Amino acid sequence: MLYHLLYPLHGEYSFFNVFKYITFRTFGAGITAILVCLLMGTVFIKWLQKKQIGQSVRDDGPQSHLSKKGTPTMGGTLIIFGTVISTLLWADLENIPVWIALLTTVALGAVGFVDDYKKVIEKNSKGLSARKKLLFQWLIAFAAAYAMYIYREAPPVLKFPFFKEWYLDLGWAYVPFAALIIVGATNAVNLTDGLDGLAVGSTITTATTFLILTYCAGHVKIAEYLQIPHIPSAGELSVFLAAIAASCLGFLWFNAYPAQVFMGDVGALALGGALAVSAIITKNEILLAICGGIFVIETLSVVAQVVSFKMTGKRVFKMAPIHHHFELKGWPEPKVIVRFWIISILLALFTLSTLKLR
Ligand code: 57M
């Protein structure tokens, strides 16, 4: 909004010329988002406690989690609020990718909100049935994928890191493929959100990496130099991703061990959607799997555990997702969290290195 209000005045007030620059507005969105979350966090948590919007903890999980019962949850609404406010304030609101990313994030967040609401407020432990939850996720994912197909600024191909000349022409199959990425990412973040700050920390490294990737993709000279697909409108996504990363950073202040609040499905589903759309628009689907490797490892650990148990009756891990396996091995929760963050940071650095290693 500020871009549309203030940039036109740069003739009279030359300072407002800065609103033309994505970098300036990216910093503005980041600062706004972290301030909104930090300033509203304490009040929001107190409100959640007053309304008794507390987490119920399953008794078949690690015993150390039983003490977490009653921790305020649905804190993800704060992340979404910080993201929406900052993006609407600082982004170019005529940019289609920003609207696709924002609406997908909010829509998936709404599915998570209903699930959380049923579980926590209506005390219905099942929440939204898995079938309904998946149906709404697929509907939103297909809508986002179709919008990205219609408004695409590059051929519907799957690009590969390192091998710039390789690509897989998906044609119309791009739509179901992109939808699969969105549904996969949203559930992967959801599964990962099982330790204090684990999911939000890994989202911060991934969103920050994609902030850089989207800026490069949107910059004609940088994209040409790095030999990556130039997606003219993608640069504006760095404003949205700064809002996401900074909102998560503000939320982490309260979600850090021992957590005062959990993000809930409202946050986990929203964040997965935000990362997936940003990756698809810049043709970095494979880089998302690398940079968001923690989310992939967590999901694969569940698949391996369930398949192994079904086929052999034996478990691969002490408990899945894999963060519980390390807890049951005796690692204190903070050690599991920080070590997973370290892996996330290393994967983010490796992802950025592929820009030059093409
Ligand atoms: C999402 N939710 C956390 C919190 C958070 C198929 C199976 C793998 C599904 C999986 C599952 O239920 N996943 C749901 C994970 C839950 O966190 C809430 O959920 C929101 C995210 N969606 O925001 O509101 C618990 O996680 C802990 N937590 C923290 N700090 C945080 O910042 O400590 C969350 C956020 C919270 C809290 O204890 O209550 C969760 O774990 O449910 N199931 C599982 O993950 C279960 N694994 C399992 O059943 N493994 C089996 C098979 C199915 C693979 C096996 O290994 O044989 C584990 N989770 C629980 N109990 N709760 C273990 C059993």
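Quick caveat, the model's predicted, so the values are computed rather than measured.

Student: So what's going on with a nonpolar patch on the surface? Which residues, and what values?
Tutor: On the surface, a nonpolar cluster with roughly 700 Å² of combined accessible area is contributed by Phe 27, Ile 31, Leu 35, Leu 39, Met 40, Phe 81 and Ile 85. When residues of the nonpolar patch are traced back to their parent elements, those giving at least two are α2 (22–50) and α3 (76–90). Looking at the element boundaries, Leu 35 is found in helix α2. What makes Leu 35 partly exposed here is its relative accessible area of 44%.

Student: Can you explain the environment of Ser 86? Please cite residues and give values.
Tutor: Position of Ser 86 among the secondary structure elements: in helix α3. The sequence separation of Ser 86 and Phe 254 amounts to 168 residues, and the corresponding C-alpha distance is 20 Å.

Student: Any chance you could break down the site of the ligand for me, citing the residues and the numbers?
Tutor: The local shell around the ligand holds 30 residues, among which Gln 55, Asn 190, Asp 193, Gly 264 and Asp 265 are the closest. A distance of 2.8 Å is found between an oxygen atom of the ligand and a side-chain nitrogen or oxygen belonging to Lys 68. In the complex, the protein chains occlude 83% of the 1000 Å² of accessible area that the ligand would expose alone. Mapped by element, the contributors of at least two residues to the shell around the ligand are α6 (174–192), α10 (264–281) and α12 (293–312). Per-element accounting of the shell around the ligand gives the leading share, three residues, to α12. Class assignment of the residues belonging to the shell around the ligand gives a composition of 10 nonpolar, 12 polar and eight charged.

Student: Pulling in residues and values, what's your account of the pattern of salt bridges?
Tutor: Scanning the entire structure with this criterion turns up 10 salt bridges. Between Lys 68 and Asp 196 there is a salt bridge, with the nearest N and O atoms lying 2.8 Å from each other. Placement of Lys 68 in the loop between α2 and α3 and of Asp 196 in the loop between α6 and α7 (198–218) is noted, with a sequence separation of 128 residues between them. Pair check on accessibility: Lys 68 and Asp 196 agree, each one buried. Two residues, Glu 333 and Lys 68, come together in a salt bridge whose shortest N-O distance is 2.9 Å. Linking Glu 333 in helix α14 (residues 333–353) with Lys 68 in the loop between α2 and α3, this pair joins segments that are 265 residues apart in sequence. Of the residues examined, Glu 333 reaches a relative accessible area of 8% and is grouped as buried. Counted as one network, the salt bridges with shared partners bring together Asp 115, Lys 119, Lys 133 and Asp 265.

Student: Now, about the nonpolar core: what can you tell me, with residues and values included?
Tutor: Residues Met 148, Ile 182, Phe 210, Phe 240 and Met 263 are the most contacted members of the largest nonpolar core, which totals 90 residues. Setting aside anything within four residues of it in sequence, one finds Ile 182 in contact with Thr 104, Leu 108, Ala 141, Ala 144, Ala 145, Met 148, Ala 276, Val 277 and Ile 280. Grouped together as the second largest cluster of nonpolar side chains are nine residues, Leu 195, Ile 322, Phe 326 and Ile 337 included.

What counts and how
- Numbering of residues starts from 1 in every chain and runs along the sequence as written.
- Local features in a predicted model are, by the rule used here, given only for residues with pLDDT of at least 70; side-chain atom pairs are given and counted only at 80 or more, and totals for whole chains, interfaces and linings are based on all residues.
- Values reported for side chains reflect all heavy atoms of the structure, with hydrogen atoms and water molecules removed beforehand.
- Residues forming no salt bridge and having over 30% relative accessible area are the ones grouped into patches, like charges within 9 Å of each other and nonpolar side chains (Val, Leu, Ile, Met, Phe, Trp, Tyr) within 5 Å.
- Reported accessibility uses the Shrake-Rupley method at a 1.4 Å probe radius. Residues are deemed covered only where the shown protein chains occlude them.
- What makes a salt bridge here is a side-chain nitrogen of Lys or Arg within 4 Å of a carboxyl oxygen of Asp or Glu, nothing more.
- Every helix listed is a DSSP run of H or I at least four residues long, and every strand listed is a run of E at least two residues long, numbered separately from the N terminus.
- We call a residue buried when its accessible area falls under 20% of the maximum for its residue type, exposed when it is over 50%, and partly exposed in between, using a 1.4 Å probe and counting protein chains only.
- Throughout this document, a residue counts as near a molecule or strand when at least one of its heavy atoms sits within 4 Å of that molecule or strand.
- In protein, a polar contact means a hydrogen-donor-capable atom and an acceptor-capable atom, both N or O and within 3.5 Å, with residues adjacent in sequence counting only if both atoms are side-chain atoms; elsewhere, any N or O pair within 3.5 Å suffices.
- For this classification, the nonpolar set comprises Ala, Val, Leu, Ile, Met, Phe, Trp, Tyr, Cys and Pro, the charged set comprises Asp, Glu, Lys and Arg, and every other residue, Gly included, is treated as polar.
- Side-chain atoms within 4.5 Å are what join buried Ala, Val, Leu, Ile, Met, Phe, Trp, Tyr and Cys residues into a set we call a nonpolar core.
- Contact between two residues is taken to exist if any of their heavy atoms lie within 4.5 Å; hydrogens are not considered.

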